[in-house]
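So you can see what is in the structure, the chains are spelled out below.
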Amino acid sequence: MQTVKSLQMLRTALAQLRASDGHGGATVALVPTMGALHEGHLTLVRRARAAADHVVASIFVNPKQFGVNEDLDAYPRQLAEDAAMLEAEGVALLWAPDVEAMYPAGFATNISVAGVSDGLCGAARPGHFDGVATVVCKLFNQVQPDMAFFGEKDFQQLAVIRTMARDLDLTRPHVDAIIGVPTVREADGLAMSSRNRYLTPDDRQAAAALPRAMQTAIAAIEGGADVATALAGLQADILAAGFASVDYAALADSRSLAPLGTLDKTPARLLVAARIGSTRLIDNMAVNAPG
């Protein structure tokens with residue numbers, strides 16, 4: 001695996017990957033990450049390897065998506081360990097720019113995606129999804145992948161990226177080639193996340209109540225319970241398990257992320273963000289419409 005940290009080196013390495021089939025047409029899949037890799041990230045890599053000739057992974061802790069008093073400085077950075085994991089999975093190229101390479105002096109452009117970014121995490125973290133859309137658009141332009149893979153755990157992020165790609169007429173990748181991969185979970189159901197390592201042992205044990213409470217709420221909603229009542233019960237269950245607060249617990253349209261007051265034929269998603277100790281956890285699950 002080749003690791004590159006400058007844009008010129010990236011372009012040279014990508015040209016070599018494209019030419020590897022002898023005709024300049026070898027396909028490239030991109031897996032963007034912020035490092036601190038776990039099995040969820042590696043699942044994305046495996047899906048990408050199955051779909052393309054070569055996989056390019058990126059590691060960049062993006063300061064533009066961290067707000068005031070968020071964990072930018074504390075966010076784990078372990079490039080050597082992450083690179084070894086990626087190489088073991090058959091990644092061909094690691095793009096690992098520093099902040100100056102990604103945002104050179106005088107950088108003045110911001111991409112904002114209205115609508116899908118407004119509520120949920122967008123309401124709790126102002127400007128976060130502007131930072132996501134901006135950096136992902138840059139990564140797409142830098143790598144020019146045929147396809148890109150993202151985890152569904154960050155469901156709102158995936159919706160923002162797809163909307164950005166559609167609205168800006170991106171072709172590498174086209175919006176239909178931005179692939180969402182189902183959330184990878186621990187044995188007790190907790191969604192894998194780089195932030196899980198912040199949990200104390202007691203908080204980690206209590207955190208497993210989050211997916212269980214969500215499953216209970218989904219069963220109630222799918223069984224015909226009033227949505228508002230089920231969501232109130234979900235929040236109560238989360239707090240009773242030891243969480244400090246619930247940022248949101250919402251039933252939403254899977255495409256637009258508009259809130260749903262009732263479950264109909266629209267594909268729906270239950271999305272939750274809650275805080276336990278010093279850690280903010282997010283999760284989401286599909287909710288099946290009747291019939």
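What comes next is a walk through the structure. (Residues numbered from 1 in each chain as written. Predicted model: local features only at pLDDT ≥ 70, side-chain atom pairs only at ≥ 80, totals over all residues. Heavy atoms only, no water.)

Okay, helix α6 (residues 128-143) next. Between the first and last C-alpha of α6 there are 23 Å, a value that for 16 residues agrees with the 22 Å anticipated at 1.5 Å per step. Phi turns positive one or two residues past the end of α6, at Gln144, with a value near 55°. (Helix = DSSP H or I, 4+ residues; strand = E, 2+ residues; numbered from the N terminus. Expected span 1.5 Å × (residues − 1).)

For the rest of this paragraph, the subject is the environment of Leu94. Relative to the helices and strands, Leu94 resides in strand β4 (residues 93-95). We classify Leu94 as buried; its relative accessible area is 0%. In sequence terms Leu94 and Leu30 are 64 residues apart; their C-alpha atoms lie 9.8 Å from each other. Those residues in contact with Leu94 that sit more than four places away from it in its chain are Met1, Gln2, Thr3, Val4, Ala57, Ser58, Ile59, Leu79, Ala83 and Leu86. (Buried < 20%, exposed > 50% of the residue type's maximum accessible area, 1.4 Å probe, protein only. Contact = heavy atoms within 4.5 Å.)

What follows deals with the sheet that holds strand β3 (residues 54-59). Read across the open sheet, the six strands follow the order β1-β4-β3-β2-β5-β6; overall the sheet is parallel. Both edges of this open sheet fall to β1 (2-4) and β6 (178-181), since each of them pairs with a single strand only. Sheet twist, expressed as the mean angle between neighbouring strand axes with direction ignored, is 25°. Note: β3 against β4, three bridges, orientation parallel. When the sheet's bridge partners are listed, Val56 is paired in β4 with Leu93. Together, β2 (28-33), β3, β5 (147-151) and β6 form the strand contacts of helix α2 (residues 39-51), whose direction differs from that of β5 by roughly 155°. Across the face of the sheet, helix α3 (residues 79-88) comes into contact with β3 and β4 while running at roughly 165° to β3. (Pairing = 2+ DSSP bridges. Axes fitted to C-alpha atoms, helices over the stretch in contact; angles between N-to-C directions.)

What follows deals with the packing of helix α9 (residues 209-222) against helix α10 (residues 227-240). The contact between α9 and α10 brings their axes to 9 Å, and the two run at 165°. Between α9 and α10, the angle is such that the two are roughly antiparallel. Relative to α10, α9 is oriented so that their crossing is right-handed. Touching Leu210, Ala213, Met214, Ala217, Ala220 and Ile221 of α9 are Val227, Ala230, Leu234, Asp237 and Ile238, all from α10. Partitioning the contact of α9 with α10 into residue classes produces 10 nonpolar, no polar and one charged. (Parallel < 35°, antiparallel > 145°, perpendicular 65-115°, else oblique. Left-handed = near helix turned anticlockwise from the far one by under 90°. Nonpolar A, V, L, I, M, F, W, Y, C, P; charged D, E, K, R; others polar.)

This paragraph deals with the sheet that holds strand β9 (residues 279-287). Pairing is antiparallel across the open sheet formed by three strands, whose spatial order is β7-β8-β9. Every other strand in the sheet has two partners, leaving β7 (245-253) and β9 as the edge strands with one partner each. When strand polarity is set aside, the average angle formed by the axes of neighbouring strands in this sheet is 10°. Both β7 and strand β8 (residues 268-276) contribute to a ladder of eight bridges, which runs antiparallel. Looking at the pairing, Asp253 lines up with Ala268 of β8. The strands that α9 touches are β7, β8 and β9; relative to β9, the one it contacts most, it runs at about 30°.

Another aspect to go through is the packing of aromatic side chains. Evaluated as defined, the whole model comprises four aromatic pairs. On the numbers, 5.0 Å between centres and 65° between planes, the contact of Tyr103 with Phe107 is edge-to-face. We classify Phe107 as partly exposed; its relative accessible area is 28%. A network of ring pairs unites the aromatic residues Phe60, Tyr103 and Phe107 as a single cluster. Lying across the ring of Tyr103, Lys64 places its NZ or CZ 4.9 Å from the centre. (Phe/Tyr/Trp six-rings, centres within 6.5 Å; stacked < 30°, edge-to-face > 60°. Lys NZ or Arg CZ within 6 Å of the ring centre and 35° of its normal.)

In total, this model carries 12 salt bridges according to the counting rule given. Residue Arg185 pairs with Asp283 through a salt bridge whose shortest N-O separation is 2.8 Å. Of this pair, Arg185 sits in the loop between β6 and α8 (201-207) while Asp283 sits in strand β9, and the two are 98 residues apart along the sequence. Relative accessible area serves as the criterion here: at 28%, Arg185 is assigned to the partly exposed category. With a relative accessible area of 3%, Asp283 lands in the buried category. When salt bridges with common partners are traced through the structure, they connect Arg18, Asp146 and Arg172 into a single cluster. (Salt bridge = Lys/Arg side-chain N within 4 Å of Asp/Glu carboxyl O.)

A separate point is the side chain of His41. Within the secondary structure, His41 sits in helix α2. With residues up to four places along the chain from it excluded, the contact list for His41 reads Thr33, Gly35, Ala36 and Ser194.

Looking now at the pairing of β3. The buried fraction of β3 amounts to six of the six residues, a majority that puts the element mostly inside the structure. The alternating pattern of β3 places His54, Val56 and Ser58 and Val55, Ala57 and Ile59 on opposite faces, both of which are buried. Of the strand pairs in this sheet, β2 and β3 are connected by six bridges, and their pairing is parallel. Bridge pairing links Ala29 to Val55 in β3. In this fold, β2 hands off to α2, which returns the chain to β3; that crossover is right-handed. Between the parallel elements β3 and β4, the chain passes through α3 in a crossover that is right-handed. (Right-handed = clockwise from strand over helix to strand, strands pointing away.)

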